[in-house]
Amino acid sequence: IHAHPRYHACMTKLTNTGTGATQATLSSSSTDSEAIDYTAQLVAGQRFERFLIRKLLGAGGMGEVYLAEDARLNRKVALKLLPADLTDNKDRLKRFEQEARAVSTLNHPNILTIYEFGAENGADFIVMEFVAGVTLREKMKSGELMSAREILDIAAQVASALSAAHEAGIVH
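What you see is a predicted model; the values in this text were computed from it and never measured.

**Student:** An account of the pairing of strand β4 (residues 51-60) is needed here, citing residue identities and associated values.
**Tutor:** The pairing of strand β3 (residues 47-48) with β4 spans two bridges and is antiparallel. Within β4, the position partnered with R47 by the bridge is L52. Count of turn residues in the β3/β4 antiparallel hairpin: two residues, of which E49 carries a positive phi of about 55 degrees. Relative to strand β5 (residues 63-70), β4 is paired through eight bridges, and the arrangement is antiparallel. The partner of G58 across the bridge, within β5, is V65. In sequence, β4 turns back onto β5 through a hairpin of two residues.

Quick look at the structure:
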């Protein structure tokens, strides 16, 4: 969930819980690699700060998201590099940082955790929880039909996450 919709669209990641249920997790790291031509800034095996890049997960107007390994904490993370047009505008960058701080205070099973944000060699970034799975968009594009029960379950999880964000004063 992100506090300002023009900066980030929301992405819903679906994962199988192992019990036949589907877990929906909301993220501020929307990517749509079909929507934009891009050349990845980082490559697998490259280090970015303390993170070892494993692969590009997606890219879009709001930046590139990589699967990375946090060398200090030995865990997988999603590392997002913000685009220069966002970070070149200091007012927009300041608002983004304020919103990242606000979102990082949320603790909800359907909202990704933001671990940190910063800048490295002129590249602004945000590090967040990595959740393996497919996006709701990917699921819908697959042509696989979802049951009414699954659709309602996902909708309830999304509504719960949005409600938690709204209670914290964050409007998506």
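**Student:** I'd like a rundown of the sheet that holds strand β6 (residues 75-81), residues and numbers included.
**Tutor:** For sheets, the rule is that strands pair by backbone hydrogen bonds, running either parallel or antiparallel. Read from one edge of the open sheet, six strands run β3-β4-β5-β6-β8-β7, paired in antiparallel fashion. In this open sheet, the two edge strands, each paired with only one partner strand, are β3 and β7 (114-120). Sheet contacts for helix α2 (residues 90-104): β7 and β8 (123-129); angle to β7, the most-contacted strand, approximately 155 degrees.

**Student:** With reference to specific residues and values, describe the confidence of the model for the protein chain.
**Tutor:** Residues at a pLDDT of 70 or more form 76% of the protein chain, whose mean pLDDT is 80. Low pLDDT, under 50, characterises residues 1-10; the predicted model gives this stretch 44 contacts beyond four residues in sequence or across chains. Overall, residues 29-38 carries pLDDT values under 50, and its contacts beyond four positions in sequence, including any with other chains, amount to 26 contacts.

Conventions used here
Residues numbered from 1 in each chain as written. Predicted model: local features only at pLDDT ≥ 70, side-chain atom pairs only at ≥ 80, totals over all residues. Heavy atoms only, no water. Pairing = 2+ DSSP bridges. Helix = DSSP H or I, 4+ residues; strand = E, 2+ residues; numbered from the N terminus. Contact = heavy atoms within 4.5 Å. Axes fitted to C-alpha atoms, helices over the stretch in contact; angles between N-to-C directions. pLDDT = per-residue confidence, 0-100.

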